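# Observations on the three-dimensional arrangement
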Amino acid sequence: MRLNVRIAWVAVLAAVALALAACGRDDEEGGGDPGIDDDSIKLGGSYPFSGPASAYRSIAVGARAHFKSVNAEGGVDGRKIEFITLDDAYEPPRAVQNARRLIQQEEVFALFNTLGTPNNMAIWDFVNQQEVPHLYVATGASSWGADIEAHPWTTGWQPDYVTESQVYADFLKEEKPQAKVAVLYQNDAFGEDLLNGFRDAVEGTDIEIVAEESYEVTDPTVSSQMSKLASSDADTFLNITTPKFSAQAIAAQAKLGWKVLHILNNVGASKKLVLEPVGLENAQGIVSTSYFMDPEDPQWAEDPAMREYYDAMEKHEPRADPADPFHVYGWAVANTMVRALEGMEEPTREALMDSIRNMEEEIPILLPGIKVQMDSENDTYPIEAMQIMRFQGENWKLQGDVIQAPH
Amino acid sequence: MSARTRALLVAGLAMLALVVPFVFGPYRVGQFTLVLVYAVAVLGLNLLVGYSGQISLGHGAFFALGAYTAALLIEKASVPYLLTVPAAGVLCFAAGFLFGVPALRLRGLYLALVTLGLAIALPQLIKRFDGLTDGTQGLTVEQPTAPGWLPLEDDQFLYLLCLAIAAVMFLLAWNMMRGQLGRAVKAVRDGEIPASTLGVDLAAAKTRVFAVGAAYAGVAGALYVFAIGFVAPEAFTLTVSFAFLAAIVVGGLATISGALFGALFIEFVPVYASDVNVALTGVIYGSVLIAFMWVLPEGAAGLPRRLRELAARRRRGDDEPDTAVEGRLTQREGVA
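Residues numbered from 1 in each chain as written. Chains lettered and ligands numbered in written order. Predicted model: local features only at pLDDT ≥ 70, side-chain atom pairs only at ≥ 80, totals over all residues.

### With respect to the overall build of chain A
We apply this condition: Numbering of helices and strands runs from the N terminus; a helix is a DSSP stretch of H or I covering at least four residues, while a strand is a stretch of E covering at least two. Our radius of gyration looks at C-alpha atoms and nothing else; its globule reference is 2.2 Å times the residue count to the power 0.38. Exposed residues have 12 or fewer other C-beta atoms within 10 Å of their own C-beta, buried residues have 20 or more, and residues in between are partly exposed; the C-beta atoms are placed from the backbone.
The helix and strand inventory of chain A stands at 12 helices and 13 strands. For chain A, the C-alpha radius of gyration of 24 Å lies close to 22 Å, the compact-globule estimate for 407 residues. Along the first, second and third principal axes, the C-alpha set of chain A runs to 85 × 60 × 40 Å. Looking at chain A residue by residue over its 407 residues, the buried ones come to 52%.

Dropping the structure here:
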């Protein structure tokens, strides 16, 4: 026995010696950034393919359709785009793991469009430490443009939630200057951003928030919150929710017979995912905002950008439903990404950031008059305009003009 | 298994474990670090379920408690990270002890249900105390970095740190289960009335093993924070508790070495399952679990015994089950 123990110790010591000898793990950095060569560009994103927010997976599908159609026409300067997507189930810790895997294992050139405010918050510091571009994150938190000193590698894309809440406040000032507002919001950074933005925007006006209820993204329903809000004396309902809960709130409102002006935030304004399941008759008159073309709006049926989108979806993602606006979102953000890649002076991460931070482009599938615009340190928010829309009959109808938010 | 083969096996395993950070890239090393973290938690649960026969569905709650203890101590109180490991362990030991006292009256399924309640409630509680925990948004925690005098990358250092702590925890568990506590809880598992007639204090044995299991989960929670650098309530849903439970069964009930295999299983199988087909991750993971139980009902740690049994059967050339081996099978051994 004693001999065996001694053998074991010798073995362990040998292992340690061996290990330390092999210590210098070779870093095969052969000049140039990883994830890009003459034939390909590797992009990676983390999305909720499962879990409570899995409706957003369509964004990845729409983006993939755009990259595939660009690749079919020869790619970006001869480089084919390879888009790696991983599932995080909308759980921040899994997003952390995915970001590590994409950067350290898959060696992507840039992270593109990773989805969810808490998920991007979780990887924000790490990705910037690694000096990997963290681009066009699929969240409207105002943080992404607020702190580029400490996080120079991160950018948003869509109008941020503060912009959106300013647009609602502007709309109410015109439409209902004495509105008493009841708010349902998701208790996380997303919900608070919109709520606080709205609160700031109505300060000093006659618009008043008279009731607030929150829910957790893991909650099964919001029916008790809706009953409480309906018993307040509000005449306007501001619905700050993600799709599953947007549908629940609309259904609850109909069931309770609570007839007030309903403002539904943009992330919940999907006809396919939210309004149709609860019945279009319950959605009449709901107000929301948009910044890209609704694939079901007959107004755009003959628009060349929309036709290109429909053709590409049919060809590259035949199993996906092109009428889902999240596909259009994915398509539009991928289109912006391709423009940014085309604008690179050389194939490096630095050059990509330069191209992104100094951009002024009209992306054809965005609403006319809305631009993707950044100006290094002066303007760090890509899209800052939206248009009010109202649900009438079978579809959303755009109202008035594009509203440019004063950032 | 003879002491000699065991010593050789442990030495071989130690050698493999030490080589890992030098042959794999940073992401893989990160995965193996998590394996070590899970192994400690799974070992804690195995002490409770495997050795003492009490079923807990809420082990993830103590894991969460340990993780938040470490995260808050590091971020809000600037405590050196190494001190947070014993702090998390002690706090969870106390929590486990307090929870164990009323839980003593409950047995089997009833205890399982109470612990299930704990695991359901905790993530919600973390969200409610958002002044302290930052709620759903989660807390970003600075990860330990390799000290300057060590020629190691941060991920390598982190792995070796977790390896050292895990090794200590494994050694402690092995020692404990060979000693008085181990004998007592095994006696309780195999029959409470006979055990009490032999002079085992049922209440003390059960509470102690529950608290020890919780302390293991707490230590693992603290290590998890080092490894991930981020905590959020979504990290500690019921899935975690169930994963730990799956891990002890896959690894082998009432075995020390099984915890390591179980941890490997719950870290790697879901990742590969989602690589096969993102939409079918759950189906694939579930099928693998079922297939595994069918092929190796005793878990991975039972593999050598199962091979020996098959070999013995083949040598004798008959299909009748060997009653001697069968007899031994029903009796769970302390260490594989």
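### Section: the overall build of chain B
For clarity, the cut-off: Residue pairs qualify as contacts under a 7 Å threshold applied to their C-beta atoms, which are placed from the backbone.
A tally of helices and strands in chain B yields 15 helices and 2 strands. In terms of C-alpha radius of gyration, chain B reaches 20 Å, essentially the compact-globule figure of 20 Å for 336 residues. For chain B, the spread of C-alpha atoms along the principal axes amounts to about 65 × 50 × 45 Å. Counting all 336 residues of chain B, 49% fall into the buried class. At a minimum sequence separation of 6, the contacts of chain B that also span at least 24 residues come to 77%.

### With respect to the sheet that holds strand 2 (residues 80-87) of chain A
Residue and element names in this part refer to chain A. Using the following cut-off: Paired strands, in this sense, are two strands between which DSSP finds at least two bridges. To obtain each axis, a line is fitted to C-alpha atoms, and for helices this fit is confined to the stretch in contact; angles are then taken between N-to-C directions over 0 to 180 degrees.
Spatially, 4 strands are ordered 2-1-3-4 in an open sheet, and the strand pairing comes out parallel. Only two strands of the sheet have a single neighbouring strand rather than two, namely strand 2 and strand 4 (134-135). Strand direction decides the pairing type here: strand 3 (residues 110-112) and strand 4, joined by 2 bridges, are parallel. Within the sheet, the bridge partner assigned to L111 lies in strand 4 and is H134. Relative to strand 2, helix 2 (residues 57-72) is tilted by about 165 degrees, and along the sheet it contacts strand 1 (40-47) and strand 2.

### Looking at the pairing of strand 5 (residues 180-186) of chain A
Residue and element names in this part refer to chain A. Here is the rule: Seen with its strands pointing away from the viewer, a crossover is right-handed when the path leading from the first strand over the helix to the second is clockwise.
Of all 7 residues making up strand 5, 6 are buried, and the element is well covered by its neighbours. Of the pairings in the sheet, the one linking strand 5 to strand 6 (residues 208-215) comprises 7 bridges and is parallel in character. Bridge pairing in strand 6 places V181 opposite I209. With helix 6 (residues 189-202) bridging strand 5 and its parallel neighbour strand 6, the resulting β-α-β unit is right-handed. Note that strand 5 and strand 7 (residues 236-240) share 5 bridges and pair parallel. Across the sheet, residue V183 finds its bridge partner in strand 7, namely L238.

### Re the domain arrangement of chain A
Many structure descriptions define interface size as the accessible area lost when the parts assemble. Residues and elements named next belong to chain A. Quick note on the threshold: Start and end positions for the domains come from either an automated domain assignment or a database one.
By the assigned domains, chain A splits into domain 1 (40-158 + 299-376) and domain 2 (161-290 + 389-404). A separation of 27 Å is found between the C-alpha centroids of domain 1 and domain 2. Taken together, the contact pairs 18 residues of domain 1 with 17 residues of domain 2. Every element with two or more residues in the side of domain 1 that touches domain 2 is listed here: helix 4 (117-129) and helix 11 (325-342). Take the side of domain 1 that touches domain 2: its biggest share by element is 3 residues, from helix 4.

### Section: the pairing of strand 9 (residues 287-290) of chain A
Residues and elements named next belong to chain A. Neither face of strand 9 is exposed, since V287 and T289 on one face and S288 and S290 on the opposite face are all buried. Strand direction decides the pairing type here: strand 9 and strand 12 (residues 385-392), joined by 4 bridges, are antiparallel. Paired with V287 across the two strands is R390, which belongs to strand 12.

### Observations regarding the nonpolar core
Counted only if it meets this: To count as a nonpolar core, a set of buried Ala, Val, Leu, Ile, Met, Phe, Trp, Tyr and Cys residues must be joined through C-beta atoms within 7 Å.
Counting residues in each nonpolar core, the largest one holds 223 residues, and the members touching the most others are B:V40 and B:L223. At 18 residues, the largest contribution of residues to this core is made by helix 10 (residues 202-228) of chain B. Both domains that furnish three or more residues to this core are identified here as domain 1 (40-158 + 299-376) and domain 2 (161-290 + 389-404) of chain A. Excluding its chain neighbours within four sequence positions, the residues that come into contact with B:L223 are B:V37, B:V40, B:V85, B:C162 and B:I165.

### Regarding the packing of helix 11 (residues 238-251) of chain B against helix 12 (residues 258-276) of chain B
All names here are of chain B. Our working rule: The labels follow the angle: roughly parallel below 35 degrees, roughly antiparallel above 145, roughly perpendicular from 65 to 115, and oblique for the rest. By definition, any crossing whose near helix is turned counterclockwise from its far helix by less than a right angle is left-handed, and any crossing with a clockwise turn is right-handed.
Two elements in contact, helix 11 and helix 12, have axes separated by 7 Å at closest approach and are oriented at 125 degrees. Comparing the axis directions of helix 11 and helix 12 gives the class oblique. In this structure, helix 11 crosses over helix 12, and the sense of that crossing is right-handed. Between helix 11 and helix 12, the contacting residues are A243, A246, A247, I248, V250 and G251 on the first element and G258, A259, F261, G262, A263, F265 and I266 on the second.

### Regarding the interface of chain B and chain A
Rules: Ten residue types, Ala, Val, Leu, Ile, Met, Phe, Trp, Tyr, Cys and Pro, are classed as nonpolar, four, Asp, Glu, Lys and Arg, as charged, and the remainder, Gly among them, as polar.
In this assembly, 32 residues from chain B lie in contact with 32 residues from chain A. For the side of chain B that touches chain A, the secondary-structure elements that each account for two or more residues are helix 1 (3-23) and helix 2 (26-51) of chain B. Here the side of chain B that touches chain A takes 11 residues from helix 1 of chain B, the largest share from any one element. Residue classes in the side of chain B that touches chain A are distributed as 19 nonpolar, 9 polar and 4 charged.

### Let's talk about helix 7 (residues 154-178) of chain B
Convention followed: In this analysis, the expected span of each helix is defined as 1.5 Å times one less than the number of residues it contains.
Taking 1.5 Å per residue, 25 residues should reach 36 Å; helix 7 of chain B reaches 36 Å between its end C-alpha atoms and fits that length. Of the positions making up helix 7 of chain B, those classed as buried are B:D155, B:Q156, B:L158, B:Y159, B:L160, B:L161, B:C162, B:I165, B:A166, B:M169, B:A173 and B:M177.

### Quick notes on the packing of helix 2 of chain B against helix 11 of chain B
Residue and element names in this part refer to chain B. Contact geometry for helix 2 and helix 11: axes closest at 9 Å, N-to-C directions at 75 degrees. With respect to helix 11, the element helix 2 is oriented roughly perpendicular. Only F244, L245, A247, I248 and G251 of helix 11 make contact with helix 2, whose side of the interface consists of Y38, A41, V42, L45, N46, V49 and G50. Looking at side-chain class alone, the contact of helix 2 with helix 11 contains 9 nonpolar, 3 polar and no charged residues.

### What about the environment of A:D77?
Residue and element names in this part refer to chain A. By the element assignment, D77 lies in the loop between helix 2 and strand 2. You can call D77 exposed: it has 11 C-beta atoms within 10 Å. Taking the C-alpha atoms as reference points, D77 and A63, 14 residues apart in sequence, are found 19 Å from one another.

### Focus: unusual backbone geometry
For A:S376, which is not glycine, the phi dihedral falls at a positive 25 degrees. Inspection of the secondary structure assignment puts A:S376 in the loop between strand 11 (372-375) and strand 12. We classify A:S376 as exposed; it has 11 C-beta atoms within 10 Å. One non-glycine residue, B:S78, lies in the positive phi region at around 50 degrees.

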